Every structure is written in structure tokens, then in C-alpha cells.
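# Structural features, examined
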Amino acid sequence: MEEYNISHLDALEAEAIHIFREVAAEFERPVILFSGGKDSILLVHLALKAFRPGKFPFPIMHVDTGHNFPEVINFRNNLVNKIGERLVVASVEEAIEKGIATQLPGVVSRNKLQSPTLVHAIEENKFDSCFGGGRRDEEKARAKERIYSHRDAFGGWDPKNQRPELWNLYNAKLAPDENMRIFPISNWTEMDVWQYIKREDIELPPIYFTHKRDVFERDGQLLPACEYLPLKSGEKVETRDVRFRTVGCMVVSGAVESRAETVDDIIAEVAAARISERGGRADDKGSEAAMEERKKEGYF
Amino acid sequence: MSDDYNTELLRFSTCGSVDDGKSTLIGRLLFDSKMLFDDQVEALENASKLGGEFNLANLTDGLKAEREQGITIDVAYRYFHTPKRKFIVADTPGHIQYTRNMVTGASTANLAIILIDARKGVIEQTRRHSFIASLLGIEHIAVAINKMDLEDYSEEVFNNIVSDYEKLSSNLDIKDITYIPMSALMGDNVVNKSKNMSWYEGPTMLHFLESVHINNDRNFENPRFPVQWVIRPRDDDYHDFRGFAGQVASGTFSVGDDIVALPSYKKSKIKQILIQDQELEVTYPPHSCTILLEDEIDVSRGDMIVKPSDLPLVEQEVEAMLCWMHERPLQLKKKYIIKHTTQSTQCMIRGLDYKVNISTLENEDADTLELNEIGYVKIKTARPLLFDDYRKNRQVGGFIIIDPGTNLTVAAGMLREPADFLQDDSDFVI
Ligand SMILES: Nc1nc2c(ncn2[C@@H]2O[C@H](COP(=O)(O)OP(=O)(O)O)[C@@H](O)[C@H]2O)c(=O)[nH]1
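The structure displayed is predicted, hence computed values, not measured ones. (Residues numbered from 1 in each chain as written. Chains lettered and ligands numbered in written order. Predicted model: local features only at pLDDT ≥ 70, side-chain atom pairs only at ≥ 80, totals over all residues. Heavy atoms only, no water.)

## Brief notes about the overall build of chain B
When helices and strands are tallied, chain B shows nine helices and 22 strands. A total of 430 residues make up chain B; the buried ones form 59% of that total. Here the contacts in chain B between residues at least 6 apart in sequence split such that 71% fall between residues at least 24 apart. (Helix = DSSP H or I, 4+ residues; strand = E, 2+ residues; numbered from the N terminus. Buried < 20%, exposed > 50% of the residue type's maximum accessible area, 1.4 Å probe, protein only. Contact = heavy atoms within 4.5 Å.)

## Some details on the overall build of chain A
Secondary structure assignment for chain A yields nine helices and ten strands. Burial status across chain A gives 64% buried among its 300 residues. Once local pairs closer than 6 in sequence are excluded, the contacts in chain A between residues at least 24 apart make up 72%.

## A look at the site of the ligand
Residues and elements named next belong to chain B. Taken together, 16 residues surround the ligand, and among them Asp19, Lys22, Ser23, Thr24 and Asp149 come closest. Contact distances for the ligand include 2.5 Å between an oxygen atom and a side-chain N or O atom of threonine 24. Notes on the ligand: free accessible area 580 Å², of which the protein chains cover 82%. A class-by-class count of the residues in the shell around the ligand yields five nonpolar, six polar and five charged. (Near = heavy atom within 4 Å. Polar contact = N/O pair within 3.5 Å; in protein donor to acceptor, adjacent residues only side chain to side chain. Areas by Shrake-Rupley, 256 points an atom, 1.4 Å probe, with all protein chains shown as cover. Nonpolar A, V, L, I, M, F, W, Y, C, P; charged D, E, K, R; others polar.)

## Here's the deal with the side chain of A:Glu15
By secondary structure assignment, the location of A:Glu15 is in helix H1 (residues 8-26). Judged by its relative accessible area of 12%, A:Glu15 is buried. Those residues within four positions of A:Glu15 in sequence are excluded, and the remaining contacts are A:Asn187, B:Arg11 and B:Gln247.

## Looking at the domain arrangement of chain A
All names here are of chain A. Per the domain assignment, the segments of chain A are domain 1 (8-192 + 288-296) and domain 2 (202-280). Once you take the C-alpha centre of each, domain 1 and domain 2 turn out to be 24 Å apart. The partner domain 2 presents 24 residues to the 26 residues of domain 1 that form the contact. Buried surface at the junction of domain 1 and domain 2, both sides included, amounts to about 2200 Å², of which 66% is carbon and sulfur. For domain 1, the biggest contributors to the area lost against domain 2 are His67, Phe69 and Glu190; these three give 29% of the whole. Across the domain 1-domain 2 interface, the total number found is two salt bridges. Residues glutamate 71 and arginine 213 are paired through a salt bridge, measuring 3.1 Å at the closest nitrogen-oxygen approach. (Domains from an automatic or database assignment. Buried area = accessible area lost by both parts, 1.4 Å probe. Salt bridge = Lys/Arg side-chain N within 4 Å of Asp/Glu carboxyl O.)

## Focus: the sheet that holds strand S6 (residues 179-182) of chain A
All names here are of chain A. Read from one edge of the open sheet, six strands run S3-S2-S1-S4-S6-S5, paired in mixed fashion. With one partner strand each, in any of the chains shown, strand S3 (87-91) and strand S5 (148-151) form the two edges of the open sheet. Ignoring strand direction, the axes of neighbouring strands in this sheet form an average angle of 30°. Sitting on the sheet, helix H2 (residues 38-51) touches strand S1 (30-34), strand S2 (60-64) and strand S4 (129-131), and the angle it makes with S1 is about 140°. (Pairing = 2+ DSSP bridges. Axes fitted to C-alpha atoms, helices over the stretch in contact; angles between N-to-C directions.)

## Concerning the domain arrangement of chain B
Residues and elements named next belong to chain B. In terms of domain boundaries, chain B breaks down into domain 1 (3-211), domain 2 (224-306) and domain 3 (313-416). Of the residues lining the interface, 19 residues belong to domain 1; the matching set on domain 3 comes to 14 residues. When domain 1 packs against domain 3, the two sides together hide about 1500 Å² of surface, and 63% of this comes from carbon and sulfur. The largest contributions to the domain 1 side of the interface with domain 3 come from Arg100, Phe131 and Leu135, which together make up 39% of the buried area. Inspection of the domain 1/domain 3 interface yields zero salt bridges. Between domain 1 and domain 3 we count eleven residue pairs in polar contact (both at pLDDT 80 or more) in total. For the side of domain 1 that touches domain 3, the secondary structure elements donating two or more residues are helix H4 (99-107) and helix H5 (124-135).

## What to know about the packing of H1(A) against helix H6 (residues 190-200) of chain A
Residues and elements named next belong to chain A. At their nearest, the axes of H1 and H6 sit 11 Å apart, and the two run at 95° to each other. Considering the angle they form, H1 stands roughly perpendicular to H6. Touching His8, Leu9, Asp10, Leu12 and Glu13 of H1 are Asp192, Gln195, Tyr196, Arg199 and Glu200, all from H6. Tallied by class, residues from the contact of H1 with H6 come to three nonpolar, two polar and five charged. (Parallel < 35°, antiparallel > 145°, perpendicular 65-115°, else oblique.)

## Digging into the packing of aromatic side chains
For the coordinates displayed, the defined rule picks out 26 aromatic pairs over all chains. Taken together, a centroid distance of 5.6 Å and an interplanar angle of 85° make the contact between A:Phe51 and A:Phe58 edge-to-face. The same class applies to A:Phe51 as to A:Phe58, namely buried. Look at A:Trp167 and B:Tyr390: their rings are 5.7 Å apart centre to centre, the planes differ by 65°, and that puts the pair in the edge-to-face class. Note that A:Trp167 is positioned in the loop between S5 and S6 and B:Tyr390 in the loop between strand S20 (374-387) and helix H8 (394-397), a pairing that runs across two chains. The buried category is assigned to A:Trp167, whose relative accessible area is 7%. (Phe/Tyr/Trp six-rings, centres within 6.5 Å; stacked < 30°, edge-to-face > 60°.)

## Brief notes about the pattern of salt bridges
One pass over the full model with this rule turns up 47 salt bridges over all chains. A:Arg240 is paired through a salt bridge with A:Glu257; the nearest N and O atoms lie 2.7 Å apart. You can see A:Arg240 sitting in strand S9 (residues 238-244) and its partner A:Glu257 sitting in strand S10 (residues 255-257), a full 17 residues away along the chain. Exposure remark for A:Glu257: the relative accessible area of 48% places this residue in the partly exposed category. A salt bridge links B:Glu210 to B:Lys84; its shortest N-O distance comes to 3.9 Å. One end of the pair, B:Glu210, is in helix H7 (residues 205-211); the other, B:Lys84, is in the loop between strand S2 (76-81) and strand S3 (85-91), with 126 residues separating them in the sequence. Through salt bridges with shared partners, a single network forms among A:Asp10, A:Glu13, A:Lys49, A:Arg199 and A:Glu200.

## Regarding the interface of chain A and chain B
Between chain A and chain B, the contact holds 69 residues from the first and 83 residues from the second. When the buried area of chain A at its contact with chain B is split by residue, A:Tyr4, A:Lys144 and A:Trp167 rank highest and sum to 14% of it. At the junction of chain A and chain B, the tally comes to six salt bridges. At the junction of chain A with chain B, the criterion picks out 28 residue pairs in polar contact (both at pLDDT 80 or more). Listing elements by their share of the side of chain A that touches chain B, those giving two or more residues are H1, H2, H6, helix H7 (263-272) and helix H9 (290-297) of chain A. The class makeup of the residues in the side of chain A that touches chain B is 30 nonpolar, 14 polar and 25 charged.

Shown next, in the form of C-alpha cells:
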């Protein structure tokens, strides 16, 4: 029987494809949430595996914070063109104009505004299930997250009201206005993602690899110098060789100094890393339970 | 590095009573296998500055409310790897009322670690955990006899517990049991071999996890392919393409094999097996692939592709061990939804033969099943189930029950082949 080997990447891939197909079969209006980061690019890749040569039975939605890396927006547009799937953009900018999201004075990060924007876009498009690239190893509070994570009619997440998940049997039943967040790569670690990107030769936005960039230090992090981040006194912009480990919103994405040019270099870097992936994100630092709070508001 | 792409994945669950040392063990595995990041270690140190100790157990506790209550009450999943294997740990709390969580964690596990406090030995909870592990079909059990440091690392203490556990397990259906004396706190026999227990010649916990043979835990005997989704591009390039997409539950399928589609019993042959555009000669569990057939036969979601030489059971009256998972007890004759492989259909639980007292492992009469109770039931389904006995095929023997009133998952079950059960005259509960 030895010939029927299965590597961990094969097993994780098979699990994710299975989840995509279950959702397509059991929900009315799914959508892939796309951030432009490697995890959501991976989701698109896995959806291709699940449905080609057919079309995706759902669109791709980008919650656009307006604080994007231009490289990521380029990448997004090229990707949807190449695969010929439908893109929906939910704009935080627009949500602010319409009063759906309100920025607190003095706050630069738009992370908090993503939740209302997303919840509104879900309602408007009547999506009942949203694929997200969340992984359980990212953060302590996510370790208990379900693969199908139930959200109430307000987009909220109640830790006490999650359904047990057994074998590969997922409960897709929803009441009207409720929503399911679906995490097909729950069981992948950061290392798995990189190894798989390498194995499958998946293209990524260039900011994942080393490049020269103007950055400055704030609270022990390297942030990209950009129009959205006015310098405080004492902060000094320098050009350094950096790359990003997460690419959500520009103002909270901490850069790491790196000369990693290839996926292999990154794998070596991840293997030797001394700081967890989210350690580099400004918004998670404040409190250990910050993530949990945001989840309750509908973010993920 | 290239080897890292081909490591095997092992899923295990941990069970123990509160304070037996589960969190410390997992923390120790992560710590000693160098899986911790500086910021995590820093967080541990910060917590200890606020008055706590440098506590490995703090690495793995989860949600805020639960932290405040001081116990974990849900299944948490952890990840670590060594050069040999990748591990997914289902960390399940040991509190008496959390049978539900343990069943959930065990459902996907290849292996269970059962913790025993060396000072307490085999207790009621140990029996409970072992019963659940065997009920859920876990093939490998590591009995971790922990806190040996508090018993002077005594060989005699260890041997006594082993012999007590052997008595217990002789009533259960567990294939492979390994006993490991350990101190999770001090690190003895977790990752590093203990200097305090030279009398012990077996593997350390990590070594065992890395080397236990799990390939044959998958069922390669009974070919079952539950269809999830039909791929029909309907465009010019793929005009006649009709692919049946799904995950191989068990057995193997090769190009050219004769197949039967159930429940229609229509026959055909396998023309092609694909994962996207990659062609496979043979597919086996747990591949998610797409099967193309020689003939145009009608197959849709919920159907199952099998081979004529080995058919599953096709029944509307089925029997099962059922674990109840909701506060509102089982109602006989009420309409529930059963989800089994890729099929969901209405069902009714017609009768409850007995419930298992999971502390004594004896069967008792009962009128209903309450939260965390397990019993033997007869179920009638609106459409036939295509299934195998859970004990021979986990993927095609398990199901969940959903309450259509609340949409909640209220139970998990393991199907049984009735005749088989009747012949069972021993006092095996499984
Ligand atoms: N002496 C000793 N104490 C231990 C050992 N393992 C765990 N403990 C302690 O037992 C208590 C409970 O451990 P914990 O890991 O939180 O148990 P859990 O409830 O099973 O997760 C903690 O105070 C640990 O430090 C051990 O091997 N020896």
C-alpha cells in the first residue's frame, strides 16, 4: 500500500478543494473575499482546482481600503483578467462617503472600517457565504475557529454559538440574513502556504519579495512611507531592502528587512523566523484579544 | 529542504481531565521542537511578569471568555512540524460535560493521546476518553502517564498504571496502544529522552508521533466516491465535458475500471481522472478529483460512484451509535436532517435501544439522549443512505444530525451494519 502515499500538501489541497465544492453545492450565493495577499491568491488557485474547466460558480470580491499598494491592485486586475472570473469591488472610500463606515478622528488605519464595508457589501449583494483566507495558526484566538464560521444577521460572531464540525461533514444551514464565513485553508500554516506556492509555481505581487523602499520606524515596526502615513516628529524615512509578509492595508503592513528574491529564499526565511506572521501587524499588537474583538464585529 | 514537501500529515487529539497537563504537554512539544516565535515567548514572559509563572500551558489557551473562566471549553487546533512530519493537534478539554468536544476532535484524528496523572492513575475519565477514542475509530492510542516527577519517576507506579489500563482496554476495540511515562512540566520523554527514567526503553512522545505507521489507517479496500458537484463547462472547448467532482472517501479507482453509480445502479467505465488539468492513472483517499465516465449516465450530487465488485449498503432503515451534542435532548419521531457523505435527507429517529453509561461502559435503558450522551438508535431516512459500517469505513460510516428548527448540529453518529451487530455476543461495547 506504500504507493498510495499522500504528502501533507496533497492532503491540505484535497481538503480545501472539497470545501470549495461543498460550499458551491450547498449555498445560494457564495463569494471569494480577496485581499491581494498570498492567502487569498491561494484561495483563487484552489478554486481553479475545484472547478476547472468549469467557471467559478461565484464572483471574487475585493474590500478595497483605498490604502492599497499599487502593485497589489495591478496584480488583482491582471489575475481576474487572466482567469476570466467576475470581480466585485467594495470600497471603504465609498462606504465613508455614504456614511456606512465612519472614521474616528486621529485614526489612520482603515482596518476598523473594513468590517462595516464588508457587512454592507454582503447585504447589498445578498452573499450568504464568504470564502476567506484565514488560517488557524495565525493567531491564538483563531485556533478554535470553525471551517464554516457562522455569523448572525449583524455579521457578528458568537463564540458560544458555533457548530461542532465532525469528519468532513459541514453544516451549511442558515436562517435568512445570516451568513457563513468559510475558511478552506484553516489547517494550513504559513510554511505550508509557501511550500505550496513553490510547488504549484503560483505568482504573487512583487512586494512579497525584496525591493528597495522608503520606510520609517514606528513602535518597533518598519512602515512604508506613503501619503496616508504622515510622519511624527523624530521619525526619519530611509531606503531599505524590505519585503512584506502581509499586504492588507498599507498603513498597518509592517515590512521586514529581507533580501529574499525567490520563494525558496522566503521559505528559508520563514523556517528561520523568530517573529510570528502577525507579530508584524500594527493592529494586532495592542491587545492579545484584539483579533477576537474584531471578529465579533464581523471582521475576519 | 525538498523532503519537507513530502512529509506525512498526522492528526491527533489530546484528552485528559482538567489539570492532567494537556496544555503543558502541547506547550512543551512546541517549545522543545523549537516551534515558538520570539514574540510568543515574549508574551509568555510578559504574562509571567504580571504575577503568573512562565507557564507553557498559556501558549495554548484560547478565547477570552474561556480564559476568564480559567478552562478551555471548545476544540482548538494547533500546528507544528518536525523534519519528519506535520502535525495537526485537536486540543479537546477534558471536563466531564465535554464529550461533545472530544467526539468532534476525535472524528478527524489518526491518533489520540490520553493523559493520565501518575498520582491518580486510571480514573473514570480515562475510561470515558478511551471509549470515545475507540468509538470514533481511532487506531492508535498513546497513553501518556504524566507528572512522573511527582512520583519519583517510579517504574512501579508506571507498571501499575499500565496494567490497570490494559484491563480497561481489553473491553475496547483499539488496535495499537503505546505507554509513555512522562513529565510534561520538566520535559521528560516529551521531546527529549528522560534521564530520570533509564528503566524506560520505549520512544519519547515526539518520536512516537513521528514514527507511528498511519498510511494504512486509510481504507483502500472499499471504493467509494461520493459525488459533490458536476462540472459541465458548456462552452465550445469543452462541449461534451461532464466531470463528476468529489473526494475519494475510500478504496482506489483507476482509469478503465468498471463502475456503478448509486442509487441508479447504472454502469459505466472510468474514462479519465483529473485534478484540474493533471491526469491521474489511479486515485485514492483523500484525493479531491474529477472522474469522467465512458457513457453518458445520469449522476448528480449525493450519488456515489462505486465498483460492481464491492457495493455499499443501501438502506432507509439504519442503525447507529449516536452522540447527542445539544442541550435540547433527542426527540424520538421528530423530523431531523441527516447529512451523510454528500447527501442530506430528512430522517426520524425511530427508537433508542440503549444508552451507554460511559463511566462504567455498561448499557442502560433510556427514553432519550441528553447532551453528551451516547446511545444505539434506529433511524429511518427519507432517501436511502449509501454507506458502510463505520468500523470498517470511517468516511462512509459517519453522519451528523441537524435540527431543521434551529439549523444547529445536534448529533453525530456512526453507522452500524445490523446483522454484524447481532452476531456480536461478546461483552464488547464497540
Ligand atoms: N509536577 C508536574 N506538574 C505538571 C506536569 N504537567 C503539568 N503540570 C502542572 O499541572 C497543572 C495543570 O496543567 P495544564 O497543562 O494546565 O493542564 P490541562 O488542564 O490538562 O491543560 C499546571 O500547574 C502544570 O504546571 C508534570 O509533568 N509535572
